[in-house]
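Single-letter residue listing:
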Amino acid sequence: MALKYKFNLKDIKLEDFKVYLLALFKGILPKKKIKNIEDLQLFIQKKSAWVSQVTLFNYLKTRMGTKWVLHFDDEKFLDSINQAKWNIYSIALQDLTLYTLSFLNVFHNYKETSKAIDIYENILNNELQNGMPEEIILKAKEKFVQKLKKIDWETYYNSWPFNDSALALYEWAPIADNLKELDKKIVLNSMILKWDNIKDEFVKLVKV
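Residues numbered from 1 in each chain as written. Predicted model: local features only at pLDDT ≥ 70, side-chain atom pairs only at ≥ 80, totals over all residues. Heavy atoms only, no water.

**Points about the pattern of salt bridges**
In a structure, side chains of opposite charge can pair up when their charged atoms sit close to one another.
Logical step 1: Taken as a whole and judged by the stated rule, the model has 5 salt bridges.
Logical step 2: Note that Lys 199 is salt-bridged to Asp 196, the shortest N-O span being 3.8 Å. Of this pair, Lys 199 and Asp 196 both sit in helix H7 (residues 177-206), 3 residues apart, which is roughly one turn of that helix.
Logical step 3: Overall, the relative accessible area of 23% leaves Lys 199 in the partly exposed class.
Logical step 4: The class for Asp 196 is partly exposed, based on a relative accessible area of 30%.
Logical step 5: Three or more residues joined by partner-sharing salt bridges are found here, namely Asp 95, Lys 147 and Asp 164. (Salt bridge = Lys/Arg side-chain N within 4 Å of Asp/Glu carboxyl O. Helix = DSSP H or I, 4+ residues; strand = E, 2+ residues; numbered from the N terminus. Buried < 20%, exposed > 50% of the residue type's maximum accessible area, 1.4 Å probe, protein only.)

In structure tokens, the structure reads:
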């Protein structure tokens, strides 16, 4: 059965440790080849969730030190984390959806790029059942439509395709602005490096 990451505020402590355990054993988990649109959608959902959670929680842990989990008793802080993770995730989904379809278009002659909107909206609609706020979903869908109007499928995969989600991590992480400014380069690079691993994995999974 495919593993699926869910974002539930009430389970945030459990999910945090689950993410780190899955990250630890990620290298030995079986990899399923991407053979159809359903496989692609699942890949986009899983990997976007993984990158979003790992980068956000790693940043919080680094800035707050060994007692960072104690902050989870603060309801205001929990709410800010909840807002951050959903917003970062919504942009991560956009980036990976566009990257994968652009790559397939260029290297595998896949012309069904119009399916981008269906993939993205299907994932968001499913996440509504997992607690993703409806207002974030609506804004994300609107933003995605605007991005689709400007995209060049021939070049997107190779033109900083994950820049927006890296900037979303920087923008939404519940860290004081003066500290974030000091961390900006590290924060952006941390997400880009995670995406580099996902890109390598994707290329292998679609290789004939």
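And the narrative resumes.
**Concerning the packing of helix H3 (residues 75-107) against H7**
Logical step 1: At their nearest, the axes of H3 and H7 sit 12 Å apart, and the two run at 40° to each other. With respect to their mutual orientation, H3 and H7 come out oblique. Crossing of H3 over H7 shows right-handed handedness. Taken together, the residues of H7 that come into contact with H3 (itself represented by Ile 88, Ala 92, Leu 96, Tyr 99, Thr 100, Phe 103 and Leu 104) are Met 191, Trp 195, Ile 198, Lys 199, Phe 202, Val 203 and Val 206.
Logical step 2: Here the residues of the contact of H3 with H7 are counted per class, giving 12 nonpolar, 1 polar and 1 charged. (Axes fitted to C-alpha atoms, helices over the stretch in contact; angles between N-to-C directions. Parallel < 35°, antiparallel > 145°, perpendicular 65-115°, else oblique. Left-handed = near helix turned anticlockwise from the far one by under 90°. Contact = heavy atoms within 4.5 Å. Nonpolar A, V, L, I, M, F, W, Y, C, P; charged D, E, K, R; others polar.)

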